[in-house]
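# Analysis of the macromolecular model
The primary structure of each chain is shown beneath.
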Amino acid sequence: MSTTSSSSSSSSTGATPLRQRASWQALREHHARIGERHLRDLFSEDPDRGERLVAEGAGLYLDYSKNRVSEETVGLLVALAEESGLRERTAAMFRGDRINVSENRSVLHVALRMPKGESLVVDGVDVVAEVHGVLDRMSAFAERIRSGEWRGHTGKPMRNVVNIGIGGSDLGPVMAYEALRHYSRRDMRFRFVSNVDSTDFAEATRELAAEETLFIVSSKTFTTLETMTNAQTAREWALAALGDESAIARHFVAVSTNAQEVSKFGIDTENMFGFWDWVGGRYSMDSAIGLSTMLAVGPGAFREMLAGFHEMDVHFRTAPLERNLPALMGLLAVWYGDFFGAQTAGVMPYSQYLKRFPAYLQQLTMESNGKHVTLDGRHADYQTGAVYWGEPGTNGQHSFYQLIHQGTKLIPLDLIGFGKTLNPIRDHHDLLMSNVFAQAEALAFGKTEQQVRAEGTPEAIVPHRVFEGNRPTNVILAEQLTPHALGALVALYEHSVFTQGVVWAIDSFDQWGVELGKVLAKRIIPELESATEPDLQHDTSTNALIRRYRRMR
Ligand code: F6P
């Protein structure tokens, strides 16, 4: 593929307000008819739906038949996507148009995984060639570290890698490291420091030898308070052990878009891996921000992960919407949020390796779609992004699934499972997967009063043992948790988030909502630290809290 961008922000913003779109009205009417229908009935009227309401792409299989939809619903949701301009907006994103309107930026994480030889020209620059230039430098560096050729200040190879970053500069790397641990170097230790709570740094470095430790300071802006504080602490920690400024060049590398700040910090820009303002933090785990992932699993596996991302990108761009995994998942999220009033969505990976996947998704989904202002500056008069959360199965079943099965809230779930385990031990994997299928079945079909009675349950207990069912799930299956499958899975959610944002006509790529707290914290720091009593000008609650803290500290 070779594409040239106009770099304008010409793409459609879905000009008709959402609730006035014809497809929205049609969905409202449809919801009035189908909204209360039970999955038991939908299945008994259409027994084959479990084989038809499925989609496949990039090695992932999605069964969405246990959703409160019919084929007509899917058609209407697809019509909503069309009317909202999903196709045009997707083309605009892949072209490099500045669809991040509030920051006037292109959104090109899809370029991070385009194969060598493809080309995408934005503002006269072939971004794919630039991406591969950085990937090649990362690969060469990773080989030097992994082979032991790169030596620390005292001549020892690096055995510990500590990534310092927060938000997108932490959650992707830590999630990917945990997810791909099976493929990682077992003779090296990987640690992730994100929180400005000193405990995070102290515990991560407690038993590490500085002479064998490489710090990766990961920050798109290189100005983030938490990361810069931790990076300074790391610098002092390393210098205290190694004693000499010249050690910094052997023990610190940076990943950033901000070369100026990197060199101000004292890291040679020779040891900096760059990326671009068109990569959002939460969309950056496959950029140089993934350096720790590459060090752990090697350049080959990292590129396999990129291939998985890319295959899902191609699927999203080309598959018909009714068979398009990210589009379907995004539209189902809109269906539950806006028509059923569902406030939250659960993501339950039945894989211990994916234990950080829900945390990663929280930033991806909520920082992207937690917006109430539309692209044209109006207050959205509909629900946007849901609260995402989750835990690996089966652990969640023994904690909060009670509420999902019998509580008063509708919580759509994604259940993610794999055909083969990477750790075959006895029949653990069959036990694990039986729970994926059983949970989806129980949530959909429940257990009726008659069934409970037929079991001889005492009458007073019957209502307690009834499962209403009609709780929707998506089941996502992949053959095995490989780097490729991980890439495809992440891209699936990225594009599902995009689909939702297009329908809601919001900017899924800015994050102004995180700014106010940062500004206020900066103002409060000197008030906490000043030797003399500060003249506090906040509200009475904030003033009292600050005074109490000053007495306690
Ligand atoms: O505060 C939110 C945020 O800006 C995220 O969007 C971002 O991933 C994170 O902070 C870290 O930013 P940086 O990589 O610039 O340090």
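Procedures and definitions
Residues numbered from 1 in each chain as written. Predicted model: local features only at pLDDT ≥ 70, side-chain atom pairs only at ≥ 80, totals over all residues. Heavy atoms only, no water. Buried < 20%, exposed > 50% of the residue type's maximum accessible area, 1.4 Å probe, protein only. Helix = DSSP H or I, 4+ residues; strand = E, 2+ residues; numbered from the N terminus. Pairing = 2+ DSSP bridges. Axes fitted to C-alpha atoms, helices over the stretch in contact; angles between N-to-C directions. Contact = heavy atoms within 4.5 Å. Near = heavy atom within 4 Å. Polar contact = N/O pair within 3.5 Å; in protein donor to acceptor, adjacent residues only side chain to side chain. 1 Å grid on protein atoms, 1.4 Å probe; cavity = no way out; pocket = protein on both sides within 12 Å on 5 of 7 lines; lining within 4 Å. Sits in = over half its atoms within 2 Å of the grid points. Nonpolar A, V, L, I, M, F, W, Y, C, P; charged D, E, K, R; others polar. Points joined across faces, edges and corners; volume = space filled by probe spheres on them. Salt bridge = Lys/Arg side-chain N within 4 Å of Asp/Glu carboxyl O. Patch = residues over 30% accessible without salt bridge, like charges linked within 9 Å, V, L, I, M, F, W, Y side chains within 5 Å. Areas by Shrake-Rupley, 256 points an atom, 1.4 Å probe, with all protein chains shown as cover. Core = buried A, V, L, I, M, F, W, Y, C linked by side-chain atoms within 4.5 Å. pLDDT = per-residue confidence, 0-100.

This part covers the pairing of strand β13 (residues 413-418). Counting buried positions along β13 gives six out of six residues, so the element sits mostly inside the fold. Judged by which residues are buried, β13 turns out to be covered on both faces: Leu 413, Leu 415 and Gly 417 on one side and Asp 414, Ile 416 and Phe 418 on the other are all buried. Pairing between strand β11 (residues 344-349) and β13: four bridges, direction parallel. Among the inter-strand pairings, Gly 346 is bridged to a residue of β13, identified as Leu 413. In terms of strand pairing, β13 meets strand β14 (residues 473-478) through six bridges, oriented parallel. Along β14, the bridge assignment pairs Gly 417 with Leu 477.

The subject of this paragraph is the sheet that holds strand β2 (residues 54-57). Pairing in this open sheet of six strands is mixed, and the strands run β2-β3-β14-β13-β11-β12 from one edge to the other. The open sheet has two free edges, formed respectively by β2 and β12 (387-389), since each of these has just one partner strand. Averaged over neighbouring strand pairs, the angle between their axes works out to 15° when direction is ignored. On the sheet, helix α19 (residues 483-504) packs against β3 (60-63), β11, β12, β13 and β14 and is oriented at approximately 150° with respect to β14.

Moving on, we come to the site of the ligand. Close to the ligand lie 14 residues; Ser 169, Ser 219, Thr 221, Thr 224 and Glu 367 are nearest. Contacts to the ligand include Thr 221, whose side-chain N or O atom sits 2.6 Å from an oxygen atom. With respect to the detected pockets, the ligand is housed in the largest pocket. When the residues that make up the shell around the ligand are grouped by side-chain class, the tally is two nonpolar, nine polar and three charged.

This part takes up the layout of surface pockets. Left-over empty space is what a probe sized like a water molecule reveals as it rolls over the atoms. A volume near 1200 Å³ is recorded for the largest pocket. Residue assignment for the lining of the largest pocket shows that the elements contributing at least two residues are α9 (225-242), α14 (357-369) and α20 (515-529). No other element matches the six residues that α20 contributes to the lining of the largest pocket. Looking at the lining of the largest pocket, its residues break down into twelve nonpolar, 17 polar and ten charged. Of the pockets and cavities examined, the second largest pocket occupies roughly 450 Å³. In terms of residue count, helix α16 (residues 428-445) provides more of the lining of the second largest pocket than any other element does, three residues in total. Along the lines of polarity and charge, the residues of the lining of the second largest pocket split into seven nonpolar, nine polar and four charged.

This next bit is on the pattern of salt bridges. Applying the stated rule across the entire model yields 34 salt bridges. The partner of Arg 19 in a salt bridge is Asp 381, with the nearest N and O atoms 3.5 Å apart. Placement of Arg 19 in the loop between β1 (2-4) and α1 (22-34) and of Asp 381 in the loop between α14 and β12 is noted, with a sequence separation of 362 residues between them. The exposure class of Arg 19 is partly exposed, given its relative accessible area of 37%.

A cluster of nonpolar side chains, namely Val 196, Leu 225 and Ile 525, defines an oily patch on the protein surface of about 200 Å² accessible area. One can find Val 196 in the loop between β7 (189-193) and α8 (198-205).

All right, on to the sheet that holds β7 then. Reading across the sheet, the five strands line up as β7-β6-β8-β9-β10 and stay open at both edges, with parallel pairing between neighbours. Looking at strand neighbours, the two that pair on one side only are β7 and β10 (272-274), the edges of this open sheet. Between one strand and the next, the sheet's axes are offset by a mean angle of 20°, whatever the strand orientation. With five bridges connecting them, strand β6 (residues 160-164) and β7 associate as parallel partners. Within β7, the position partnered with Val 162 by the bridge is Arg 191. Sitting on the sheet, helix α6 (residues 127-147) touches β8 (213-218), β9 (252-256) and β10, and the angle it makes with β10 is about 145°. Taken strand by strand, α9 contacts β6, β7, β8 and β9, and its axis lies near 160° from that of β8.

This paragraph deals with the nonpolar core. Counting 130 residues, the largest nonpolar core has Leu 295, Trp 335, Phe 357, Leu 486 and Tyr 493 as its most contacted members. The greatest single-element share of this core, amounting to 13 residues, is contributed by α19. Apart from residues lying up to four places away in sequence, Phe 357 is in contact with Met 175, Val 347, Pro 349, Ile 416, Leu 489, Val 490 and Tyr 493. Counting 24 residues, the second largest nonpolar core, distinct from the first, contains Val 162, Ala 204, Ile 248 and Ile 267.

Our next topic: the confidence of the model for the protein chain. Residues shown with low pLDDT carry predicted positions that ought not to be read at fine detail. For the protein chain, per-residue confidence averages 96 on the pLDDT scale, and 97% of positions sit at 70 or higher. The secondary-structure element of the protein chain with the lowest mean pLDDT is β1, recorded at 43, while α19 shows the highest, at 99. Confidence drops under pLDDT 50 across residues 1-13; counting only partners more than four residues distant or on other chains, this segment forms 32 contacts.

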